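# Descriptive structure summary
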Amino acid sequence: MTATEHLGAAVGLGDDQLLAMYRMVALARAIDERMWILNRAGRVPFVISGQGHEGAQVGIVSALRPGLDWMVPYYRSIAAVLTFGMSPREIMLAQYAKASDPSSGGRQMPGHYGGAAYNILSSSSPVATQILHAAGIALAAQIRGTGQVAITFMGEGSSNQGDVHEGLNFAAIHHLPMILVVENNGYAISVPSVKELALPDVAARAAGYGIPGVIVDGADVLGAYRVAREAVERARTGGGPTLIEAKVTRLTPHSSDDQQTKYRTAEELAAERARDPLPRFREQLATAGILTPEIEGRLATEIAGLVDDATSYAESQPDPDPASATWYVYAEDRPATGGGAG
Ligand SMILES: Cc1ncc(C[n+]2csc(CCOP(=O)(O)OP(=O)(O)O)c2C)c(N)n1
Ligand SMILES: [Mg+2]
């Protein structure tokens, strides 16, 4: 058996699937980096980033079935929504708050990804409210017997919200097909996790609900895939919810309105670079002989083209009609969908 076969066999994935996952991690990173450039150039108002979280998101979402399952993402979920079917153009339409933005027609804050076509429910700005939405979706799937799984994501700081307790308790009691992913990056804006939690692992709380709590290294894409596959299998077969805690690194400031050098030392920031999932996955696949320099060059060219296309496409699209800003806020006659048309 070659090293190539061995790497794929360990998680039941072929080389093409591994390369598709790598492409997704690299694509999410490239789009994210472009967003920051556009922000600093004054083209887009606000960026909230997924850099450092992509490996966990791609690994976990690769275990789901796009088109069948449901996702309630959070603001760092760029790689997750891309893996679930959203396009780079749609990400950029949301970033530019254009009329044809599928997330909200430019009415939501950037970073609130949604798309009816992909079973992606846009989340609200108060953190952790999405846990309740996911529990409700999972309950509907259970009642209808659709075999769908609802997955939702949040940070470790958000795990202290009351919504999490209510959502997990309800999901556990009713054995709902739900997965809660906690992306633990060690900070809630500038507050370090030791000031958020009196224990090191959010996953330990799962025991209080009688459900499995699993910890995975968020830079280990295939490890994240493996734990998610088990959680999906459990959810689909009536085994109930799982809490997955991915230990990730936040490579950027909290948002484009934050400056993390004010509260993180240069040494800490340099050390965190070693936890970047992108070079780690690249090296893993290259060592296994799956990612050759030729394939990597081809992917880099393709990704650069996609990012350029998404940027110029979004730039060229019309802004929403200002009169549409309060659509769906009040009970008045409005277009039937909450998406694009603006
Ligand atoms: C209920 C509520 N409180 C406060 C905020 C402001 N806020 C937005 S993001 C954030 C930090 C959340 O940290 P964490 O859950 O660890 O997620 P991360 O941003 O680190 O991925 C806070 C406090 C909010 N949006 N909602
Ligand atoms: Mg955090």
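Everything that follows concerns the structure shown earlier in this document.
Given the structure is predicted, the values throughout are model-derived calculations rather than measurements. (Residues numbered from 1 in each chain as written. Chains lettered and ligands numbered in written order. Predicted model: local features only at pLDDT ≥ 70, side-chain atom pairs only at ≥ 80, totals over all residues.)

## Digging into the overall build of the protein
Across its full length, the protein carries 11 helices and 7 strands. In summary, the protein has a C-alpha radius of gyration of 20 Å against a globular reference of 20 Å for 342 residues, a match within 12%. Across its three principal axes, the protein shows a C-alpha extent of roughly 60 × 50 × 40 Å. Contacts in the protein between residues far apart in sequence, at least 24 positions, make up 75% of those at least 6 positions apart. (Helix = DSSP H or I, 4+ residues; strand = E, 2+ residues; numbered from the N terminus. Rg over C-alpha atoms; globule rule 2.2 N^0.38 Å. Contact = placed C-beta atoms within 7 Å.)

## Comments concerning the sheet that holds strand 1 (residues 70-72)
If you trace the 5 strands from one edge of the open sheet to the other, you get 1-2-3-7-6, paired in parallel fashion. Each end of this open sheet is capped by a strand with a single partner; those strands are strand 1 and strand 6 (213-217). Taking each pair of neighbouring strands and ignoring which way they run, the sheet shows an average axis angle of 20°. Sheet topology places strand 3 (residues 178-184) next to strand 7 (residues 242-247); 6 bridges connect them, and they run parallel. Looking across to strand 7, one finds that E183 is bridged to A246. Seen against the sheet, helix 8 (residues 221-236) touches strand 3, strand 6 and strand 7 and runs at an angle of roughly 170° to strand 7. (Pairing = 2+ DSSP bridges. Axes fitted to C-alpha atoms, helices over the stretch in contact; angles between N-to-C directions.)

## Examining helix 7 (residues 162-173)
For helix 7, with 12 residues, the first-to-last C-alpha span of 17 Å sits near the 16 Å given by 1.5 Å per residue. Looking at the packing, one finds that the buried side of helix 7 touches helix 6 (129-144) and strand 3. Looking one or two places after helix 7, you find H175, whose phi comes out positive at around 50°. (Expected span 1.5 Å × (residues − 1).)

## A closer look at the site of ligand 1
Among the 15 residues in the neighbourhood of ligand 1, the closest are listed as P126, G155, G157, S158 and A188. Looking at the shell around ligand 1, the elements that each hand over two or more residues are strand 2 (150-155) and strand 4 (187-188). (Near = placed C-beta within 6 Å.)

## Here's the deal with the pairing of strand 2
When you tally the buried positions in strand 2, you get 6 out of 6 residues, the bulk of the element. Along strand 2, one buried face is formed by A150, T152 and M154 and the opposite face, lined by I151, F153 and G155, is buried too. For strand 1 and strand 2, the ladder comprises 3 bridges, and the chain directions are parallel. Counted as the bridge partner of V72 is T152 from strand 2. Crossover connection from strand 2 via helix 7 to parallel strand 3: handedness right-handed. (Buried ≥ 20, exposed ≤ 12 C-beta atoms within 10 Å, placed from the backbone. Right-handed = clockwise from strand over helix to strand, strands pointing away.)

## A word on the pairing of strand 7
Counting buried positions along strand 7 gives 6 out of 6 residues, so the element sits mostly inside the fold. Along strand 7, one buried face is formed by T242, I244 and A246 and the opposite face, lined by L243, E245 and K247, is buried too. Pairing of strand 6 with strand 7 involves 5 bridges; the strand directions are parallel. Residue pairing across strands places V214 opposite I244, the latter belonging to strand 7. Note on the crossover from strand 6 through helix 8 to strand 7: the handedness is right-handed.

## A short note on the environment of A314
Within the secondary structure, A314 is located in helix 11 (residues 293-316). A count of 24 C-beta atoms within 10 Å places A314 in the buried class. Between the alpha carbons of A314 and E230 there is a distance of 38 Å; along the sequence they are 84 residues apart. Setting aside residues up to four positions removed in sequence, A314 forms contacts with R89, M92, L93, Q95, Y96 and K98.

## Quick word on helix 8
Look at helix 8: 22 Å from first C-alpha to last across 16 residues, which is about the 22 Å you get at 1.5 Å a residue. Along helix 8, the residues that are buried comprise V221, A224, Y225, R226, V227, A228, A231, V232 and A235. Positioned one or two residues after helix 8, G238 has a phi angle of 85°, which is positive.

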